[in-house]
Structures are given as structure tokens and as C-alpha cells.
Amino acid sequence: MCLAIPGKILDVRDGDEWQRTGRVDFGGVVKEVSLALVPDAGVGVYVLVHVGMALSTIGEAEAQEVFAYLRQLEPEDVP
Amino acid sequence: MKYLDEYRDAEGARKFASLLARITTRPWTIMEVCGGQTHAIVRFGIDELLPSGITLVHGPGCPVCVTPIEMVDRAIAIARRPEVIFCSFGDMMRVPGTCSDLLRVKAEGGDVRMIYAPIDALEIAARNPDKQIVFFAVGFETTAPANALAVYQARRRGLRNFSMLVSQVLVPPAMQAILEAPRCRVQGFLAAGHVCAVMGIDAYGPLAARFGVPIVVTGFEPLDILHGITMCVQQLEEGRVEVENQYVRAVRPEGNRRARDLLAEVFCVVPREWRGIGEIPLSGLSLRPEYSDFDAERRFPAEVDSRRSIEPSLCISGEILQGLKKPSECPAFGRQCTPESPLGATMVSSEGACAAYYRYRHVRTEATTDGA
Ligand code: SF4
């Protein structure tokens with residue numbers, strides 16, 4: 001139940017600060033999500049969503065770290 | 001799907017596996033705290049990619065599994081009241097109480113509704129002014145902000161017919177309890193990435209230092225988990241004890257400030273009972289006095305005699321939740337206890353270790369009896 005899923009913000013409705021919501025696209029499934037905790041996240045940004053609430057934005061550069069790590073592995077680790 | 005599929009790449013997984021095989025010189029026992037990680041490990045067979053010296057033990061990180069049976073009995077008692085519409089996340093519906101569960105209450109005519117987001121309960125409250133709407137607020141730090149926002153908004157909107165049955169738990173105190181247990185065999189932790197996305201990582205420094213265990217904040221996809229294990233094994237092999245962050249794309253060191261402020265506004269830290277484990281000091285959240293009007297335990301008091309909330313005696317889920325045993329060591333696993341008729345909560349929730357083993361390993365555990 002602690003599953004949180006990444007999705008892309010399609011649009012934003014700014015209410016008062018706690019009512020900020022938007023539609024988020026999860027690979028084709030679109031849901032209305034609270035964006036109250038990610039006030040700076042705008043259209044096109046990926047957010048991590050759990051029980052209808054975006055908990056954090058996903059850093060594009062940081063998302064590459066695992067792959068950068070794998071690329072710099074020594075040849076003997078490449079099966 | 002972006003930021004998901006690319007972290008399931010088999011080629012990358014094989015690279016991590018061969019790196020681990022090369023750097024591991026001694027046996028190590030590592031606990032993944034979160035049930036979501038347990039599920040991914042069993043589903044993708046990550047434990048089977050590891051060198052034989054590395055043992056993964058499964059932690060208590062499934063909120064459904066650790067909600068005390070007495071709290072489930074209380075939820076059932078409230079849900080049975082004719083004036084109540086009882087709202088719950090789907091995975092609490094089939095958790096067995098002492099002699100019933102929420103789904104059965106619904107079948108018997110109770111108004112029990114499954115909701116996806118806590119805030120949906122407020123709309124139900126607004127549309128049903130003559131009913132009492134009770135939301136079962138379970139969860140870890142990951143779920144706490146959404147639960148907190150629901151009660152915060154209910155108070156601002158003056159929704160007098162809304163209340164919450166709060167069973168919120170906190171992860172770092174549970175990790176401490178596991179480390180303090182005399183039979184503890186955990187040498188390193190994968191901490192739960194989504195909990196840290198909310199709370200940040202500052203709670204883990206003192207734990208790592210005091211108990212001498214490396215802690216790596218880790219994501220949930222196969223490459224994340226393998227990367228987290230690799231970072232943990234590197235620390236163990238080099239004799240380092242640090243808090244490291246594998247899940248940098250979602251976890252900032254300070255967490256989510258706004259979420260933490262919201263939690264501090266609505267909740268205070270209290271001792272909590274963990275199903276199968278017992279009471280852990282300062283391991284839960286309760287509504288602050290300013291919100292006590294919205295506390296379902298006050299609105300519907302004394303429904304349950306906690307001495308009569310009894311666990312089935314066959315179930316060893318307490319030891320499983322503390323990483324002391326694996327599901328395949330339970331004599332009832334797959335026999336008296338299945339997902340269709342679960343004896344314990346770790347068989348109900350898809351993130352419970354027993355359910356994960358049943359779903360992905362049942363045939364093999366039957367054949368070999370020692371399972372993982
Ligand atoms: S298999 Fe069933 S009875 Fe055994 S520990 Fe798991 S939940 Fe309990």
C-alpha cells in the first residue's frame with residue numbers, strides 16, 4: 001500500500017494552496033491528483049503519486065544515476 | 001512507462017549480479033524494510049540473482065500487516081453502526097479481525113466503501129449530511145500526508161460528520177526495535193524510499209551510528225533494489241557505516257518540507273502497538289488535541305474489549321515481520337492459510353511477505369520446503 005507511481009502532469013488547477021490539483025498521466029491512465037505538496041511542479045513535470053497525492057517531483061538528472069553507475073562498471077562485471 | 005520500465009532492464013540486473021558476486025567475500029544479512037520492496041524482490045526473483053552468501057530478510061514495512069487486530073476489531077464495530085458510512089483503502093477490507101472483516105460487514109448490509117484517495121471521503125461526507133463518515137487512516141509516513149490533508153480540509157470546511165480512525169505508524173522506531181531485539185541478525189538496511197521522500201533521511205544517521213549498520217535509502221524497481229544492495233554490501237565489505245541515498249531521483253535529504261509541516265500541524269507522535277510485534281515507543285501518530293473532534297475513537301468510544309482481540313495461534317507473522325523467519329517456515333503456509341482464507345495479515349496484503357511468497361513461490365516452496 002506504500003506503492004507510489006511516477007506520472008506526468010498534464011494540467012494544473014490552482015485553488016488555494018492546499019487545493020492545488022491537476023491531471024496526471026500514468027502511461028495512458030489519467031487521474032486527478034492533489035499537487036498541494038509540490039507547489040512548484042508544473043505541466044510536463046513527473047511526480048511520484050501515492051493515494052491521490054503527489055509526494056515529490058522526479059529529478060530528471062538524478063534519474064540517470066543508476067545507468068551512469070552501470071556504465072562505469074569494470075569490464076569483468078559485464079556478463 | 002517513463003521512470004518505471006527502464007529500471008526493470010534485465011541486462012542491468014545481470015551486471016549488478018556479477019558485480020555483487022565479485023565484491024562479496026563474506027555472508028551478509030540485509031533487511032529490506034518496505035513491503036513494496038519485498039513484493040518486487042519476490043516477484044522479480046531478485047534474491048535468486050544474489051551470491052549465496054547474501055540473505056535478504058523481509059521487514060515490517062506493510063501497514064496493512066502491522067495494524068493491530070484490536071484496531072481492526074474497532075473498525076468492524078464502527079462499520080456495523082447503522083448511521084456510519086465506513087471508508088477504507090481496499091487492502092484493509094479483507095484483513096481478519098478476531099471474528100470478522102470489513103468485507104463481511106459489507107456483505108451483511110453495512111455501508112463500507114473502498115476509496116482510492118482519503119480526500120474522496122470528504123466528498124462522501126458533504127453529500128451525506130445525515131450520515132457519519134469514518135475513514136480508516138492506516139499507513140506509514142508515505143500515506144500520512146494524504147490522511148493529514150483529509151482531516152485538515154474537513155476542519156477547514158466544517159464537515160462535522162467526518163472522523164478518522166487513526167492507525168498511523170512510523171518506520172525508524174520499528175527499525176530501532178528490530179535492531180534492539182536479542183535475536184536480531186540484520187547487518188544492513190535498505191530503507192524505504194517513499195517514506196524518505198516525505199520525511200527525509202535525517203532520522204537514520206543516529207540509528208546507523210548507534211547500531212553500526214549501514215542504511216541505504218532505496219527505490220522500488222529491480223535496478224533500484226540491486227543498486228541499493230550493492231551500495232550496502234560495498235559498505236559492509238569496506239567496514240563503513242553510513243547513510244546513503246540510492247533513490248536520489250525522488251528523495252531529497254530534507255524530504256518534503258510542506259508534507260512535514262502538514263503532518264506536524266495535524267498529528268503528534270505516540271506509542272503504537274504493531275500487530276505481531278507489540279508496542280513500540282514513539283512509533284505512531286495520533287491526532288493533535290486541536291483535531292480531537294475528528295477522532296473516531298472518541299466519537300464512537302469503547303466498542304472493543306482489547307483483551308478479547310485474539311490472534312490465531314498458528315500464525316508466526318510476528319516473527320516474519322521482524323525478519324526472524326520466512327513464510328515458508330510457517331506450518332500453516334499454503335495449507336490452513338492462503339490468500340483466500342488468510343489467518344494472518346501478512347497473507348492478506350499483496351505487500352505482506354506471506355502473500356508474495358504464495359503468489360510467486362508457492363509451487364517451489366511446496367516442492368523444496370525451505371523456499372527462499
Ligand atoms: S502463512 Fe499465514 S499463518 Fe503463516 S505466518 Fe503467514 S499469515 Fe500467518
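Residues numbered from 1 in each chain as written. Chains lettered and ligands numbered in written order. Predicted model: local features only at pLDDT ≥ 70, side-chain atom pairs only at ≥ 80, totals over all residues. Heavy atoms only, no water.

Backbone geometry places Val51 of chain A, a non-glycine residue, at a positive phi of 35°. Relative to the assigned elements, Val51 of chain A resides in the loop between β4 (46-50) and β5 (53-57). For Val51 of chain A, a relative accessible area of 10% corresponds to the buried category. Positive phi, close to 65°, is recorded for Tyr3 of chain B, a residue that is not glycine. The topology assignment puts Tyr3 of chain B in the segment before α1 (10-23). Look at Tyr3 of chain B and you get buried, because its relative accessible area is 4%. (Helix = DSSP H or I, 4+ residues; strand = E, 2+ residues; numbered from the N terminus. Buried < 20%, exposed > 50% of the residue type's maximum accessible area, 1.4 Å probe, protein only.)

All right, on to a nonpolar patch on the surface then. A cluster of nonpolar side chains, Leu3 and Ile5 of chain A together with Met1 of chain B, forms an exposed patch at the surface whose accessible area comes to about 230 Å². Among the secondary structure elements, Leu3 of chain A is positioned in the segment before β1 (5-13). (Patch = residues over 30% accessible without salt bridge, like charges linked within 9 Å, V, L, I, M, F, W, Y side chains within 5 Å. Areas by Shrake-Rupley, 256 points an atom, 1.4 Å probe, with all protein chains shown as cover. Salt bridge = Lys/Arg side-chain N within 4 Å of Asp/Glu carboxyl O.)

What follows is about the site of the ligand. Of all residues adjacent to the ligand, which total 13 residues, the nearest are Cys315, Cys330, Cys337, Thr346 and Cys354 of chain B. Looking at the shell around the ligand residue by residue, the class counts come to 10 nonpolar, 3 polar and no charged. (Near = heavy atom within 4 Å. Nonpolar A, V, L, I, M, F, W, Y, C, P; charged D, E, K, R; others polar.)

Between chain B and chain A, the contact holds 51 residues from the first and 44 residues from the second. Summed over both sides, the interface of chain B with chain A buries roughly 4200 Å², with 65% coming from carbon and sulfur. When the buried area of chain B at its contact with chain A is split by residue, Tyr3, Tyr116 and Arg258 of chain B rank highest and sum to 18% of it. Applying the counting criterion to the chain B and chain A interface returns 2 salt bridges. At the junction of chain B and chain A, the tally comes to 14 residue pairs in polar contact (both at pLDDT 80 or more). Secondary-structure elements contributing two or more residues to the side of chain B that touches chain A are α1, α3 (63-66), β5 (132-139), α7 (144-157), α9 (193-199), α11 (222-238) and α12 (257-266) of chain B. Top element by residues in the side of chain B that touches chain A is α1 of chain B. It accounts for 7 residues. When the residues that make up the side of chain B that touches chain A are grouped by side-chain class, the tally is 27 nonpolar, 12 polar and 12 charged. (Contact = heavy atoms within 4.5 Å. Buried area = accessible area lost by both parts, 1.4 Å probe. Polar contact = N/O pair within 3.5 Å; in protein donor to acceptor, adjacent residues only side chain to side chain.)

Residues and elements named next belong to chain B. Going through the model one piece at a time under the given rule, you end up with 1 disulfide over all chains. Linked covalently through their sulfurs, Cys62 and Cys65 form a disulfide whose S-S length is 2.5 Å. Taking the sign of the torsion about the S-S bond as the criterion, the disulfide between Cys62 and Cys65, at about 70°, is right-handed. As far as the burial class goes, Cys62 and Cys65 line up, both buried. (Disulfide = S-S within 2.5 Å.)

Looking now at the sheet that holds strand β11 (residues 278-287) of chain B. What holds strands together in a sheet is hydrogen bonding between their backbones, with the strands either parallel or antiparallel. All names here are of chain B. Pairing is mixed across the open sheet formed by 6 strands, whose spatial order is β4-β3-β5-β6-β11-β10. Sheet topology places β4 (111-114) and β10 (267-274) at the edges, where each strand pairs with a single neighbour. With strand direction ignored, the average angle separating the axes of adjacent strands in the sheet is 25°. Of the strand pairs in this sheet, β10 and β11 are connected by 7 bridges, and their pairing is antiparallel. Directly across from Glu273, in β11, lies its bridge partner Glu279. Contacting β3 (84-88), β4, β5 and β6 (162-169), helix α6 (residues 120-127) crosses the sheet at an angle of about 170° to β5. Packed onto the sheet, α7 meets β5, β6, β10 and β11 and runs at close to 155° relative to β6. (Pairing = 2+ DSSP bridges. Axes fitted to C-alpha atoms, helices over the stretch in contact; angles between N-to-C directions.)

Attention now goes to the nonpolar core. Residues and elements named next belong to chain B. Judged by nonpolar contacts, the single largest core of 133 residues is most densely connected at Phe86, Phe162, Phe189, Tyr204, Ile229 and Phe267. Not counting residues up to four positions away in its chain, the partners in contact with Tyr204 are Val171, Pro172, Met175, Ala191, Val195, Cys196, Ile215 and Val243. Counting residues in each nonpolar core, the second largest holds 12 residues, with Val42, Cys337, Met347 and Cys354 among its members. (Core = buried A, V, L, I, M, F, W, Y, C linked by side-chain atoms within 4.5 Å.)

Here we take up the side chain of Ser167 of chain B. Residues and elements named next belong to chain B. Assignment of secondary structure puts Ser167 in strand β6. The buried category is assigned to Ser167, whose relative accessible area is 3%. When neighbours within four sequence positions are excluded, Ser167 is seen to be in contact with Thr67, Pro68, Met71, Phe136, Ala137, Val138, Gly139 and Arg272.

On to the pairing of strand β3 (residues 29-34) of chain A, then. Residues and elements named next belong to chain A. Of the strand pairs in this sheet, strand β2 (residues 21-26) and β3 are connected by 6 bridges, and their pairing is antiparallel. Note on β3: the bridge partner recorded for Val24 is Lys31. Between the antiparallel neighbours β2 and β3 lie 2 residues, among them Gly27 with a positive phi of about 55°.

Let us look at the confidence of the model for chain B. Residues and elements named next belong to chain B. Overall, the prediction assigns chain B a mean pLDDT of 92, with 94% of residues at 70 or greater. Taken together, the stretch residues 366-372 has pLDDT below 50 and engages in 10 contacts with residues farther than four places along the chain or on a different chain. The complex model carries a pTM of 0.92, and its ipTM stands at 0.91. (pLDDT = per-residue confidence, 0-100.)

The next point concerns the sheet that holds strand β2 (residues 54-61) of chain B. All names here are of chain B. The parallel open sheet is built from 5 strands, whose spatial order is β2-β1-β7-β8-β9. Here the strands that pair on one side only, and so sit at the sheet edges, are β2 and β9 (243-245). For this sheet, the mean inter-axis angle between neighbouring strands, taken without regard to orientation, is 25°. Helix α2 (residues 35-44) contacts β1 (28-34), β2, β7 (188-192) and β8 (215-218) of the sheet and is inclined by roughly 120° relative to β1.

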